[in-house]
Amino acid sequence: MESLATIKHIICIASGKGGVGKSTTAVNLAVALHQQGYKTGLLDADIYGPSLPLMLGVPDGTRPQVKPGKIMLPLVAHGIETNSIGFLVDAKTAMVWRAPMIVGAFNQLLLNTQWSALDYLIIDLPPGTGDIQLSLTQTARVSGAVIVTTPQDVALSDARKGMEMFRKVRVPLLGVVENMSQHVCSNCGHIETIFGEGGGDRLAQDFDTPLIGSLPLDRLIRSQGDAGTPVTIAQPDGPIARAYHSLADALRDRLARQVEARPAAPTIDVTDD
């Protein structure tokens, strides 16, 4: 836990199922926070399918420096401290491990990385409600969870399970991000809601938490992620980057409100009678 003592906020980016753009959201959110002047780290908690090395443009074979005591120094990509099982194994290696080994590997990445004094550590969780999610909530003081979903019913159904899990383990829900909310035709500008409309907002209302982000379905987000240069870096002043910055603003606002809502510590008055 000593390695986490200097981190102000640990934020989970979670989803009920894969394929909703959770990792893309985590990467661009981390970049947006860094661009806003906050010291930010990004941990890839998906042991089976790590994607952050590719999305951050870290060359295959790059390894973190290991200090005595098996303490790893995080790599720095685009100004963000980061670590991933993908930095420790070959990109083609399949992690055929049982749950105890997976949890052990995750805990080493979390606790044996020498994070600096971070404002935010963004943790890109694997999909679902499995062992890593439970291990994290039992190991670290988590400031809150952000749920990423698409507007379609099949994604919303699984997102609900993820939100229920965080409720059960008493991790605050910071909000819902509706990804791929709409597509704008690059030729004519027509807006189409390919995956449905309003699903993220309804989900947020059901759990009495806000919709803190609505992100587009855009080819540039995918192509820049594949190229290792997130869209927030490739086009920092573009409309897509502004959407991620709005998400970062909303996240910071939620955390600030959370701090304000905490009950004040009791005071003890000592008097001479």
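One can find the structure itself at the top, above this paragraph.
Parameters at a glance
Residues numbered from 1 in each chain as written. Predicted model: local features only at pLDDT ≥ 70, side-chain atom pairs only at ≥ 80, totals over all residues. Heavy atoms only, no water. Helix = DSSP H or I, 4+ residues; strand = E, 2+ residues; numbered from the N terminus. Contact = heavy atoms within 4.5 Å. Buried < 20%, exposed > 50% of the residue type's maximum accessible area, 1.4 Å probe, protein only. Pairing = 2+ DSSP bridges. Axes fitted to C-alpha atoms, helices over the stretch in contact; angles between N-to-C directions. Phe/Tyr/Trp six-rings, centres within 6.5 Å; stacked < 30°, edge-to-face > 60°. Disulfide = S-S within 2.5 Å. Salt bridge = Lys/Arg side-chain N within 4 Å of Asp/Glu carboxyl O.

This part covers the side chain of Ser84. By the secondary structure assignment, Ser84 is in strand S6 (residues 80–84). For Ser84, the residues in contact, after removing those within four places along its chain, are Asp44, Pro50, Pro53 and Leu109.

This part takes up the pairing of strand S8 (residues 144–149). Counting buried positions along S8 yields 6 of 6 residues, so the element is predominantly enclosed. Of the two faces of S8, the one carrying Gly144, Val146 and Val148 and the one carrying Ala145, Ile147 and Thr149 are both buried. With 4 bridges joining them, strand S1 (residues 9–14) and S8 adopt parallel strand pairing. Bridged to Ile13 within S8 is Val146.

To continue, consider the sheet that holds S1. Read across the sheet, 8 strands follow the order S5-S6-S2-S7-S1-S8-S9-S12 without closing on themselves; strand pairing throughout is mixed. Of all strands in the sheet, those with a lone pairing partner are strand S5 (75–77) and strand S12 (211–214), marking the two edges. Neighbour-to-neighbour, the strand axes of the sheet open up by a mean angle of 25°, direction not taken into account. Taken together, the 5 bridges between S1 and strand S7 (residues 120–124) define a ladder with parallel strand orientation. Considered in S7, the bridge of His9 is made with Tyr120. Sheet contacts for helix H3 (residues 99–111): strand S2 (40–44), S6 and S7; angle to S2, the most-contacted strand, approximately 165°.

Moving on: the packing of aromatic side chains. Per the stated rule, a full pass over the model turns up 1 aromatic pair. Aromatic side chains Tyr38 and Tyr120 sit 5.6 Å apart centroid to centroid with 75° between the ring planes, which places their arrangement in the edge-to-face category. Of this pair, Tyr38 sits in the loop between helix H1 (22–35) and S2 while Tyr120 is found in strand S7, placing the two residues 82 residues apart along the sequence.

A word on the side chain of Thr149. Residue placement: Thr149 occurs in strand S8. Once you skip the residues sitting within four places of it in the chain, Thr149 turns out to touch Val20, Ala155, Leu156, Ala159, Val176, Val177, Glu178, Asn179, Gly200 and Leu203.

Once that is clear, we can look at the state of the cysteines. Within this structure, the stated rule accounts for 0 disulfides. With no disulfide of its own, Cys185 has Cys188 as its nearest cysteine by sulfur position, at a separation of 3.6 Å. Note on Cys185: relative accessible area 24%, which makes it partly exposed.

Following the criterion strictly, the structure yields 9 salt bridges and no others. Taking the shortest distance from any N to any O, the salt bridge between Lys8 and Asp119 comes out at 3.2 Å. Highlighted residues: Lys8 in the segment before S1 and Asp119 in the loop between H3 and S7, separated in sequence by 111 residues. Taking the relative accessible area as the measure of exposure, Asp119 reaches 16% and is therefore buried. Note that Lys161 is salt-bridged to Asp158, the shortest N-O span being 3.5 Å. Taken as a pair, Lys161 and Asp158 lie in helix H5 (residues 153–168) at a separation of 3 residues, close to a single helical turn. Among the residues examined, Lys161 registers a relative accessible area of 51% and is labelled exposed. Here the salt bridges do not stand alone but share partners, grouping Lys17, Asp158 and Lys161 into one network.

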